[in-house]
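Residues per chain are reported as follows:
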Amino acid sequence: GAVVSQHPSWVICKSGTSVKIECRSLDFQATTMFWYRQFPKQSLMLMATSNEGSKATYEQGVEKDKFLINHASLTLSTLTVTSAHPEDSSFYICSARSGLAGIQRAYEQYFGPGTRLTVT
Amino acid sequence: RKEVEQDPGPFNVPEGATVAFNCTYSNSASQSFFWYRQDCRKEPKLLMSVYSSGNEDGRFTAQLNRASQYISLLIRDSKLSDSATYLCVVNRPGSARQLTFGSGTQLTVLP
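Residues numbered from 1 in each chain as written. Chains lettered and ligands numbered in written order. Predicted model: local features only at pLDDT ≥ 70, side-chain atom pairs only at ≥ 80, totals over all residues. Heavy atoms only, no water.

Of the regular secondary structure elements, chain A holds 0 helices and 11 strands. Beginning at the N terminus, the succession of helices and strands in chain A can be written as β-β-β-β-β-β-β-β-β-β-β. Against the globule reference of 14 Å for 120 residues, chain A gives a C-alpha radius of gyration of 14 Å, in line with a compact fold. Taken along its principal axes, the extent of the C-alpha atoms in chain A is 45 × 30 × 25 Å. Across the 120 residues that make up chain A, the buried fraction comes to 52%. Per element, the accessible surface of chain A, about 5,800 Å² overall, is 54% carbon and sulfur. The positive charge centre, built from 11 side chains, and the negative charge centre, built from 9, are 3 Å apart in chain A. (Helix = DSSP H or I, 4+ residues; strand = E, 2+ residues; numbered from the N terminus. Rg over C-alpha atoms; globule rule 2.2 N^0.38 Å. Buried < 20%, exposed > 50% of the residue type's maximum accessible area, 1.4 Å probe, protein only. Areas by Shrake-Rupley, 256 points an atom, 1.4 Å probe, with all protein chains shown as cover. Lys, Arg positive; Asp, Glu negative; His and termini not counted. Charge placed at Lys NZ, Arg CZ, Asp CG, Glu CD.)

Attention shifts here to the packing of aromatic side chains. Evaluation of the coordinates by the stated rule reveals 10 aromatic pairs over all chains. Considering the side-chain rings of F67 of chain A and Y92 of chain A, the 6.4 Å spacing of their centres and the 40 degrees angle between planes classify their relative orientation as tilted. Taken as a pair, F67 of chain A in strand β7 (residues 67-73) and Y92 of chain A in strand β9 (residues 90-97) lie far apart in primary sequence, 25 residues in all. Accessibility classification places F67 of chain A together with Y92 of chain A in one group, the buried group. Through successive ring pairs, a cluster of aromatic residues spans Y36 and F111 of chain A together with F34, Y36 and F101 of chain B. The ring centre of F67 of chain A lies 5.9 Å from the NZ or CZ of K66 of chain A, which sits over that ring. (Phe/Tyr/Trp six-rings, centres within 6.5 Å; stacked < 30°, edge-to-face > 60°. Lys NZ or Arg CZ within 6 Å of the ring centre and 35° of its normal.)

The following block contains the structure:
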C-alpha cells in the first residue's frame with residue numbers, strides 16, 4: 001500500500017529556533033500533500049495544502065510566513081516552523097493523496113507517522 | 001455549526017459487545033465519506049470508505065444517509081484491539097481533494 005514517512009518523529013527545540021519536518025511518499029508519487037496539526041484531545045486541523053511545483057495553499061488563520069512549506073518534488077514536502085514558540089508545540093502530521101481514480105479513492109489520504117514538536 | 005460532528009464519548013464497552021458511532025456533516029455537497037481510526041499518539045489510518053448503499057468489512061459496517069447528512073459505524077463483536085479513537089471524515093467540496101475530520105469518538109473495549 002501507499003507508505004508515507006515523516007522525519008523527525010519527535011523534536012524538542014528552544015523558543016525562537018526553526019524546525020524543519022520532512023514528509024516523503026515512499027512508493028508512489030504525490031502531487032498533493034497536506035499538513036495537519038493536532039492538539040491533545042482535538043481533531044486534525046488542516047494547515048495547508050502543498051502542491052508540487054507551486055505555492056502551498058494555507059487555511060484561514062495559518063501564517064504562511066511562520067509555517068513555510070516547500071514541495072519541490074513528487075515525493076517530498078517539507079514544513080518549516082520558523083521562530084517556534086511554546087504555543088506551536090503540537091503533533092504535526094502530513095498526508096499524501098493516493099491519486100487513484102474514482103470518487104472515493106481520489107480522496108483517500110495516507111498519513112505519515114507524525115512529528116511531535118515540543119518548544120521549550 | 002461544525003462541519004463534521006461526532007459524539008466524543010468515551011464509549012466503554014465489554015469485549016464482544018456491539019457499538020455504534022454516529023456522525024453528522026454540514027455540507028450537503030460532500031460526496032466522499034470515510035472512517036479513520038487513530039490510536040493514541042499515532043497517525044490516523046483509513047478504516048473504511050462509506051458508500052451510499054452501505055458497506056461492510058468483517059465486523060465493521062458503515063452506513064450513509066445523504067438526506068439526513070448522517071454517517072454511522074457499527075462494530076460487532078468488539079475486540080480489545082478495537083480500542084482507539086474513530087474519526088468521521090468528509091471531503092471538502094472543491095478541486096483540492098481536502099478532507100475535514102471530526103473530533104473523534106473514543107472507544108475503550110474492556111476485558
